[in-house]
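The chain contents come next:
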Amino acid sequence: MADYQHLYAQSLNDPETFWGEAAQALHWDKPWDSVLDRDAKPVPRWFVGGEINTCFNALDRHVEAGRGAQKALIYDSPVTDTKRVYTYAELRDAVAAFAGVLRDQGVQKGDRVLIYLPMIPQAAIAMLATARIGAIHSVVFGGFAANELATRINDAQPKVIVSASCGIEPNRVVAYKPLLDEAIELSSHKPSSCVIYARPQAEAAMIPGRDIDWRTAAEQAQPADCVPVKATDPLYILYTSGTTGQPKGVVRDNGGHAVAMHWTMRHIYHVDAGDVYWAASDVGWVVGHSYIVYAPLLAGCTTVMYEGKPVGTPDPGAFWRVINEYQVKVLFTAPTAFRAIKKEDPEGQYLHDYDLSCMQSLFLAGERCDPDTLYWAREKLGKPVVDHWWQTETGWAIAANPLGIEPMDVKPGSPTVAMPGYDVRILAEDGSEMPDGEMGNIVIKLPMPPACLPTLWHNDQRFVDAYLTKCPGYYLTGDAGFKDADGYLWIMSRTDDVINVAGHRLSTGAIEEVLAGHEDVAECAVIGVADSLKGQLPLGLVVLKAGVERDASTLGKALIQRVREQIGPVAAFKLVNVVKRLPKTRSGKILRGAMVKIADGAEWKMPATIDDPAILDEITEALRDMGYAKR
Ligand code: COA
Ligand code: AMP
C-alpha cells in the first residue's frame, strides 16, 4: 500500500501526472491533449481533447476482457419479493437494447433524457443507455412531487422521459405515472415521448402518441453501439437543493468522472474487480449515481440494487441478510439508516442470524455521522467504519479514511483527511486562513479534482455566484468546520439554508416558498431542528396575514399537505406552528440561526442586531408547545 501523505502531496503538486496515470486504467477512444486545462473558464477542465464513452468503460470493456459471465448487478427487492442477477454480458445487452429504444425516439448525442424511476434495474439500464449514445441523463428522485419534477423538466428540457408505472414504499404503492402526467402538464417544456416500464403493482394509463411501453419498444429495437463523446461533454445533470426553490443542476462530465470513480474504488473503498459492493441509497441521489451505478461498474465490481429500507422490510436484519446473501464486501449508506436499525434492534440481536465475515468495512456519508452511531456500528459489526464527507457537487469524497491507500486513525465525529486532489482550506469571512482548530468556511482551492462539477446546467453565472465568488480562487462548499492539528477535518454545519433530513438534502428556502404561497400566510421561516433518527427535520413557523383568524391545527394540516404535494413526501415536513411575529435583525433579516439553537436547547446568545428581543420569548413558547426548546 502507498502512503497517504505521499500520494496526497503528489496529487496537489503534480495533478497532471497523478490523474493522467489514473486515467490509463480506462479505454479512451481518443487520448486527451492535456490532462488539465488550467485556463478553462469558469473552472479548469480535465482530459481536454480526449474522447471516451462511460458506458463502454462500465460494461463492454469488462465483457471484452472476458468477464461477461461475472455478476454485474444484483437486484434485491423485499418490497416486491423479487431477486434478479445480471451478468456483465446481460447488462450490456439490456443497456444496448434500451439505448436502441432511445435512439428510435430520436435521442442523439447531447440530448437530455429525464429518468424518474424507482430502485429497479431499469433505472441503471436507462442511465447507462443514455450514456451509451452520448446523451445526458437527469435522474429525479421518486420521493419528489410533480411540481419538483416539472421544475427539472423545464430546466433540463429532456427529449424523452423514462418512468415506471409505480414505485413501492413499504406502506404504499406510489403511482408514478399520474405524477409524471401532472408534471408534464405543469411544465412549459414537453418531451416528445415517455417510455414507461410497467410494473405489476400498478397499471399506467398510457397517452397514445406520447407514451411507449418499455418492454414492447425494447423487443423491437436494434441494439445501439457506444458513441464516443468528448471527455468534457456532460454525462449527467443532477439537481440538488440550493438556497431557493430553484434547484441547482449539477453537471458531471464524462472523462473526469469515469477516472475519479474508478480510482476511488480501489483507493478509498479498497475493493477490486469481482468484489461485491453495495451502496444502500437511491439512484435519485448522488450516492446512487456514483456508487450504485458508475463506480462499481467502472471498477468491474458487482453492484447491489436494493429496493427496500433498513428496517421494516421486513425487519432490522434486512441489511445483514443482503450482506450475507450476496457476500457484500463493502456497504455504503447514510448514518440515518444505522440509527433506524439501532432504534429497532439496540442490542443487535438480528446480527446473530447472519455470518458477516465477508464484510470488510462500512462507509457512511450524506450527513454528519454522530459518534454514537459510529461506535454502535463499529461495536456490533466488528468492522472498520468510515465516515466520509462529500456532496452532489463533487461526486466523490472530499474527505475520507482511504482504506485502500493507508488506513488512518479514526477520530469519531471527523470524516478524517482530505482526499487526493482536494486542497481543503478553512477561511474566515475576510478570506484569510483560519488557524488549526478554528471554525470557518470550508473551501477547496482550484483546481478541484476530476468529477467535480464544471458548472451548473446552462447557468455558468449561477455557478460562479454560488460557489466561486465569495472566496476568489476557491470553491465554496457551503459547509463550515475546522481542521485540527493533525490535518483531520471536522464538518460542523451548513452556512446556507440547506438542511439534511435522513441523508436527503433539502432547502428550507424551498419549503418557505411553499408555505408563503398559502393565502393565509403573511411570512414564515423554516429551520432545521435536531432529530435523533433523521438527523434534522424541517420545522415551520408562520405568521398569518392581518385579519385572518385560523385554527392553528387546521392550518397546520393544510400546510403540511401543501409541502407534501409541492415538494414531496421526502421533505418529511410535519412540524408547523403559528406565531405572531418572527425575530428579525434591524435590517429585516429573519434570525433563523438563533431559532435553531433555541429549538435544539443549545447555548445561544441574544443576537446583537435583533430588532425586538421579546419576540424570541414568543418563539421559545411556540417551540416548547411543539416539544422543542427544552433545556
Ligand atoms: N418514492 C416515494 N416516496 C418516498 C421515496 C421514494 N423513492 N423515498 C421516501 N419516500 C417517502 C417515504 O415513504 C416517507 O413517506 P411518509 O411520510 O408517507 O412516511 C417520506 O418520503 C419520508 O421518507 P424517509 O425520510 O426516507 O423516511 P422513512 O420514515 O420512510 O425512512 C429511514 C427512514 C431512515 C429508514 C430512511 O430514510 C432510510 O432508509 N434512509 C437511508 C439513507 C439514504 O438512503 N440516504 C440517501 C443518501 S445516502
Ligand atoms: P448531498 O449533496 O445531498 O450529498 O449533501 C451534501 C451535504 O451533506 C454536505 O455539504 C454536508 O453538509 C452534508 N454531508 C454529507 N456527508 C457528510 C459527512 N460525512 N459529514 C458531515 N456532513 C456531511
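Structure: above.
The rules behind the values
Residues numbered from 1 in each chain as written. Chains lettered and ligands numbered in written order. Predicted model: local features only at pLDDT ≥ 70, side-chain atom pairs only at ≥ 80, totals over all residues. Heavy atoms only, no water. Helix = DSSP H or I, 4+ residues; strand = E, 2+ residues; numbered from the N terminus. Buried < 20%, exposed > 50% of the residue type's maximum accessible area, 1.4 Å probe, protein only. Areas by Shrake-Rupley, 256 points an atom, 1.4 Å probe, with all protein chains shown as cover. Lys, Arg positive; Asp, Glu negative; His and termini not counted. Charge placed at Lys NZ, Arg CZ, Asp CG, Glu CD. Near = heavy atom within 4 Å. Polar contact = N/O pair within 3.5 Å; in protein donor to acceptor, adjacent residues only side chain to side chain. Nonpolar A, V, L, I, M, F, W, Y, C, P; charged D, E, K, R; others polar. Contact = heavy atoms within 4.5 Å. Pairing = 2+ DSSP bridges. Axes fitted to C-alpha atoms, helices over the stretch in contact; angles between N-to-C directions. Domains from an automatic or database assignment. Core = buried A, V, L, I, M, F, W, Y, C linked by side-chain atoms within 4.5 Å. Expected span 1.5 Å × (residues − 1).

## Comments concerning the overall build of the protein
For step 1, the next point in the chain: In terms of regular secondary structure, the protein is built from 18 helices and 31 strands.
For step 2, the next point in the chain: In terms of principal-axis extent, the alpha carbons of the protein reach across some 70 × 60 × 55 Å.
For step 3, the next point in the chain: Burial statistics for the protein: of 631 residues in total, 61% are counted as buried.
For step 4, the next point in the chain: Here the protein has roughly 23600 Å² of accessible surface; of this, 49% comes from carbon and sulfur atoms.
For step 5, the next point in the chain: Here the protein carries 62 positive and 79 negative side-chain charges, and the mean point of each set is 2 Å from the other.

## Observations concerning the site of ligand 2
For step 1, the next point in the chain: In the vicinity of ligand 2 lie 15 residues, with Asp387, Thr392, Asp479, Arg494 and Arg505 positioned nearest.
For step 2, the next point in the chain: Here a nitrogen atom of ligand 2 and a backbone polar atom of Gly366 are 3.1 Å apart.
For step 3, the next point in the chain: Interatomic distance of 2.7 Å between a side-chain N/O atom of Arg505 and an oxygen atom of ligand 2.
For step 4, the next point in the chain: Residues that form the shell around ligand 2 fall into these classes: four nonpolar, five polar and six charged.

## So, the environment of Ala150
For step 1, the next point in the chain: Inspection of the secondary structure puts Ala150 in helix 6 (residues 146-156).
For step 2, the next point in the chain: For Ala150, a relative accessible area of 5% gives the class buried.
For step 3, the next point in the chain: The spacing of Ala150 and His189 is 39 residues in sequence and 8.8 Å in space, taken between C-alpha atoms.
For step 4, the next point in the chain: What Ala150 contacts, discounting residues up to four positions off in sequence, is Ala183, Leu186 and Ser187.

## Quick look at the sheet that holds strand 26 (residues 489-494)
For step 1, the next point in the chain: Ordered by their spatial adjacency, four strands build an open sheet running 23-24-25-26, and the pairing between neighbours is antiparallel. Each edge of the sheet is formed by a strand with only one pairing partner; in this case those strands are strand 23 (423-427) and strand 26. Geometrically, the sheet is characterised by an average inter-axis angle of 50 degrees between neighbouring strands, direction not taken into account.
For step 2, the next point in the chain: Across five bridges, strand 24 (residues 440-445) lies against strand 25 (residues 474-483) in antiparallel orientation. Residue pairing in the sheet places Ile444 in a bridge with Tyr475 of strand 25.

## Re the site of ligand 1
For step 1, the next point in the chain: Glu169, Pro310, Lys534, Arg564 and Lys574 are the nearest of the 23 residues found near ligand 1.
For step 2, the next point in the chain: Contacts to ligand 1 include Gly142, whose backbone N or O atom sits 3.4 Å from a nitrogen atom.
For step 3, the next point in the chain: At 2.9 Å from an oxygen atom of ligand 1 is found a side-chain nitrogen or oxygen belonging to Lys534.
For step 4, the next point in the chain: Its free accessible area being 940 Å², ligand 1 has 85% of it covered by the protein chains.
For step 5, the next point in the chain: Listed by contribution, the elements that provide at least two residues to the shell around ligand 1 are strand 10 (172-175) and helix 12 (335-344).
For step 6, the next point in the chain: Among the domains, domain 1 (4-308 + 388-445) and domain 2 (498-625) are the pair contributing at least three residues each to the shell around ligand 1.

## Details of the nonpolar core
For step 1, the next point in the chain: Judged by nonpolar contacts, the single largest core of 124 residues is most densely connected at Tyr291 and Trp396.
For step 2, the next point in the chain: At nine residues, the largest contribution of residues to this core is made by helix 10 (residues 286-298).
For step 3, the next point in the chain: Listed in part, the 65 residues of the second largest apolar core include Val140, Val529, Leu555 and Phe573.

## A short note on the sheet that holds strand 18 (residues 330-333)
For step 1, the next point in the chain: Taken in spatial order, the seven strands line up as 5-4-17-16-18-19-20 in an open sheet, and their pairing is mixed. Both outer strands of the open sheet, strand 5 (82-87) and strand 20 (385-387), are each paired with one neighbouring strand and no more. Along the sheet, successive strands turn relative to each other by an average axial angle of 20 degrees, direction set aside.
For step 2, the next point in the chain: Direction of pairing for strand 16 (residues 276-279) relative to strand 18: parallel, over a ladder of three bridges. Pairing of Tyr277 across the sheet is with Val330, part of strand 18.
For step 3, the next point in the chain: Seen against the sheet, helix 10 touches strand 4 (71-77), strand 16, strand 17 (302-306) and strand 18 and runs at an angle of roughly 150 degrees to strand 17.
For step 4, the next point in the chain: Packed on one face of the sheet, helix 12 meets strand 18 and strand 19 (361-364) and runs near 95 degrees to strand 18.

## Things to note about helix 4 (residues 88-104)
For step 1, the next point in the chain: Spanning 17 residues, helix 4 covers 24 Å between terminal C-alpha atoms, matching the ideal 24 Å at 1.5 Å per step.
For step 2, the next point in the chain: Burial in helix 4 covers these residues: Tyr88, Leu91, Val95, Ala96, Ala97, Phe98, Ala99, Gly100, Val101 and Leu102.
For step 3, the next point in the chain: Trailing helix 4 by a residue or two, Gly106 shows a phi angle of about 90 degrees, which is positive.

## Focus: the pairing of strand 5
Strand residues, when the strand is regular, have side chains that alternate between the two faces of the sheet.
For step 1, the next point in the chain: In this sheet, strand 5 lies alongside strand 4 in antiparallel orientation, the contact comprising six bridges. Its bridge partner being in strand 5, Tyr75 is matched across the sheet by Arg84.
For step 2, the next point in the chain: Counting the residues between successive antiparallel strands, the hairpin from strand 4 to strand 5 contains four residues, one of them, Asp81, with a positive phi of roughly 55 degrees.

## Considering the pairing of strand 17
For step 1, the next point in the chain: Burial analysis of strand 17 places five of its five residues in the buried class, which makes it a mostly covered element.
For step 2, the next point in the chain: Going residue by residue along strand 17, you find Thr302, Val304 and Tyr306 tucked away on one face and Thr303 and Met305 tucked away on the opposite face as well.
For step 3, the next point in the chain: Alignment of strand 4 against strand 17, held across four bridges, turns out to be parallel. Looking at the pairing, Leu73 lines up with Thr303 of strand 17.

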